[in-house]
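Report on the structure
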Amino acid sequence: MKQTRDIMGMPVTVEINDAHAKPAAFQAVFDYFSRVDQRYSTYKPSSEISQINAGLPRAKWSQEMKQIMKLCQQTKHDTNGYFDIEHNGQLDPSGLVKGWAIQNAADLLADKGYKHYYVDVAGDVQVSRSNTGNKPWRIGIRNPLNRDEIIKVLNVRSQGVATSGTAIRGNHIYNPLSRAEPAKELISLTVIGPDIYNADRFATAAFAMGTRGIHFLEKLKGYEAYAIDPAGIATMTTGFESYVTS
Amino acid sequence: MNTSTMKKLGLSAFVILTFVAYSLTQRQDSKNTAVVAPTTTTQGTSPSSSSTPSSGTTYKDGSYTGTAADAYYGYIQVKAIISGGKLTDVIFLQYPNDRENSVSINQQAMPYLKQEAIQAQSAHVNTISGASDTSQAFVQSLTSALNQAA
């Protein structure tokens with residue numbers, strides 16, 4: 001059973017392949033993402049993060065927010081400073097919250113006793129175990145130069161797959177070495193990791209590193225990645241092909 | 001290896017070589033002072049082939065710690081000791097060779113990773129992973145990287 005809902009302006013898809021998947025399970029996941037959006041959206045003046053940026057004292061922050069800030073600090077450290085949520089005195093942890101929330105949503109389904117499912121938020125996916133017939137879940141990598149095309153199919157079980165890039169809404173990405181020019185280094189970076197929380201935070205940081213990002217990931221144990229430059233040339237980590245369908 | 005990386009490595013090497021060459025020339029000027037510099041950084045460059053700073057240059061005595069400079073797989077940071085108005089010692093506080101992964105990088109400029117031209121496939125998939133980064137955090141993290149690289 002598969003359901004999709006638009007939350008926070010992003011498509012949220014849940015597929016559960018266990019027998020007797022209840023509609024309430026899907027609803028629980030969608031409700032969870034709505035709550036996350038209420039707390040962390042910098043576009044909502046009522047959100048906790050907006051209130052924090054408007055001067056809410058630390059003593060009044062929720063425990064969860066404090067935990068998120070800790071995780072952001074840790075990620076900044078883990079990525080040599082490339083992951084930073086602070087800019088001009090404003091905090092925006094959404095780059096970390098997305099993967100974290102997908103992970104929590106997946107855990108929520110596990111708590112309800114489900115075993116075979118995936119949770120996908122705008123192309124960042126956590127899969128649990130396998131698809132029907134003990135087959136791995138098949139995740140396509142979208143062509144960043146032509147979003148109607150799939151350029152790779154990954155076979156994954158109980159892992160996270162995240163892609164950072166510019167394809168969907170056409171952000172302007174700037175070259176870290178030349179502020180004046182838009183970056184021409186990478187347009188898409190897909191990371192396969194032990195879970196979506198880690199795959200997503202490292203994909204975000206490694207993308208900001210440009211062509212150095214794939215080497216950063218190559219050194220990271222338990223991660224594989226596929227980086228695509230504007231000319232359509234892909235560079236992959238040494239273990240990446242073991243996930244690719246032949 | 002991309003051009004920016006080459007430039008960076010080249011620049012780092014140039015800075016070190018200049019520094020070491022300069023240190024060595026200073027040693028020739030004042031023979032009773034010691035110069036400490038890793039031999040690996042000289043890379044066969046003899047001091048005589050480098051330009052020497054004007055002999056009139058003098059410095060204030062003391063020790064000065066430079067900023068840590070990113071040399072791609074590690075940082076380089078030196079402390080300069082000035083005695084009698086001259087550079088008498090260069091101590092490497094940080095050097096990429098003290099890191100295990102830097103050793104391999106230094107031996108082989110960049111690890112070899114397989115490349116290919118992307119190609120459309122027609123295949124059934126359960127779902128699709130694609131770029132959708134719109135968060136401000138991403139832009140902010142990139143901005144922070146810009147500030148560090150500047």
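Because the structure is predicted, anything quoted here is derived from the model rather than measured. (Residues numbered from 1 in each chain as written. Chains lettered and ligands numbered in written order. Predicted model: local features only at pLDDT ≥ 70, side-chain atom pairs only at ≥ 80, totals over all residues. Heavy atoms only, no water.)

1. Here's the deal with the overall build of chain B
Counting its regular elements, chain B contains 3 helices and 6 strands. Here chain B, with 150 residues, has 37% of them falling under the buried criterion. Contacts in chain B between residues far apart in sequence, at least 24 positions, make up 47% of those at least 6 positions apart. As displayed, chain B has an accessible area near 8,600 Å², and 54% of this comes from carbon and sulfur atoms. (Helix = DSSP H or I, 4+ residues; strand = E, 2+ residues; numbered from the N terminus. Buried < 20%, exposed > 50% of the residue type's maximum accessible area, 1.4 Å probe, protein only. Contact = heavy atoms within 4.5 Å. Areas by Shrake-Rupley, 256 points an atom, 1.4 Å probe, with all protein chains shown as cover.)

2. Structural notes on the confidence of the model for chain A
Looking at chain A as a whole, the pLDDT averages 89, with 91% of positions reaching at least 70. Of the regions scoring below 50 in pLDDT, residues 167-184 of chain A engages in 39 contacts with residues more than four places distant in sequence or in other chains. (pLDDT = per-residue confidence, 0-100.)

3. Concerning unusual backbone geometry
Residues and elements named next belong to chain A. With phi around 55°, Asn134 is a residue other than glycine that occupies positive phi space. Mapped onto the elements, Asn134 comes out in the loop between strand S6 (124-128) and strand S7 (137-142). Despite not being glycine, Ser158 shows a phi value in the positive range, around 45°. With respect to the secondary-structure elements, Ser158 resides in the loop between strand S8 (150-156) and strand S9 (160-165). According to the relative accessible area criterion, Ser158 is partly exposed, its value standing at 39%.

4. Considerations on the sheet that holds S7 of chain A
Pairing in this open sheet of 3 strands is mixed, and the strands run S8(A)-S7(A)-S6(B) from one edge to the other. Here the strands that pair on one side only, and so sit at the sheet edges, are S8 of chain A together with strand S6 (127-129) of chain B. Within the sheet, the average angular offset between the axes of one strand and its neighbour, ignoring direction, is 35°. Pairing between S7 of chain A and S8 of chain A: 6 bridges, direction antiparallel. Residue Arg138 of chain A lies in a different strand from S8 of chain A, and its bridge partner there is Asn155 of chain A. (Pairing = 2+ DSSP bridges. Axes fitted to C-alpha atoms, helices over the stretch in contact; angles between N-to-C directions.)

5. Digging into the confidence of the model for chain B
Atomic detail in the predicted coordinates should be set aside for any region of low pLDDT. Residues and elements named next belong to chain B. This prediction gives chain B a mean pLDDT of 52; 21% of its residues lie at or above 70. For chain B, the element scoring lowest by mean pLDDT is helix H2 (residues 100-107), at 38; strand S5 (residues 115-117) scores highest, at 92. Segment residues 96-109 is flagged for pLDDT under 50; beyond a separation of four residues in sequence, or across chains, it makes 20 contacts in the model. Note that residues 133-150 has pLDDT below 50 and, in this model, 47 contacts with residues that lie over four places away or in other chains. Both scores are available for the predicted complex, with the pTM at 0.66 and the ipTM at 0.84.

6. Examining the packing of helix H1 (residues 23-40) of chain A against helix H4 (residues 94-111) of chain A
Each pair of packed helices can be summarised by the angle the axes make with each other and by the distance between the axes. Residues and elements named next belong to chain A. H4 packs onto H1 with a crossing angle of 150° between their chain directions and a minimal axis gap of 10 Å. Classified by the interaxial angle, the pair formed by H1 and H4 is roughly antiparallel. Handedness of the H1/H4 crossing: right-handed. Residues Ala25, Ala28, Val29, Tyr32, Phe33, Val36 and Tyr40 of H1 touch H4, and the partners they reach there are Val97, Trp100, Ala101, Ile102, Asn104, Ala105, Leu108 and Leu109. Among the residues making up the contact of H1 with H4, the classes are represented as 14 nonpolar, 1 polar and no charged. (Parallel < 35°, antiparallel > 145°, perpendicular 65-115°, else oblique. Left-handed = near helix turned anticlockwise from the far one by under 90°. Nonpolar A, V, L, I, M, F, W, Y, C, P; charged D, E, K, R; others polar.)

7. Considering the sheet that holds strand S14 (residues 233-236) of chain A
On the basis of which strands lie adjacent, the open sheet formed by 9 strands has the order S1(A)-S2(A)-S5(A)-S6(A)-S9(A)-S12(A)-S13(A)-S14(A)-S5(B) and antiparallel pairing. Two strands in the sheet have a free side with no partner beyond their single neighbour: strand S1 (2-7) of chain A together with S5 of chain B. Strand-to-strand twist in this sheet, taken as the mean axis angle between neighbours without regard to direction, amounts to 15°. Across 5 bridges, the pairing between strand S2 (residues 10-16) of chain A and strand S5 (residues 117-121) of chain A is antiparallel. Looking at S5 of chain A, one finds that Val14 of chain A is bridged to Val119 of chain A. Packed onto the sheet, H1 of chain A meets S1, S2 and S5 of chain A and runs at close to 20° relative to S1 of chain A. Sheet strands touched by helix H5 (residues 196-208) of chain A: S6, S9 and strand S12 (188-193) of chain A. Its angle to S9 of chain A, the strand with the most contacts, is close to 20°.

8. Thoughts on the packing of H4 of chain A against H5 of chain A
Residue and element names in this part refer to chain A. Where H4 meets H5, the closest approach of the two axes is 7 Å, and the angle between their N-to-C directions is 160°. With respect to each other, H4 and H5 are oriented roughly antiparallel. Once H4 is placed against H5, the crossing between them reads as right-handed. Of the residues in H5, those touching H4 at Gly95, Leu96, Lys98, Gly99, Trp100, Ile102 and Gln103 are Ile196, Tyr197, Asp200 and Thr204.

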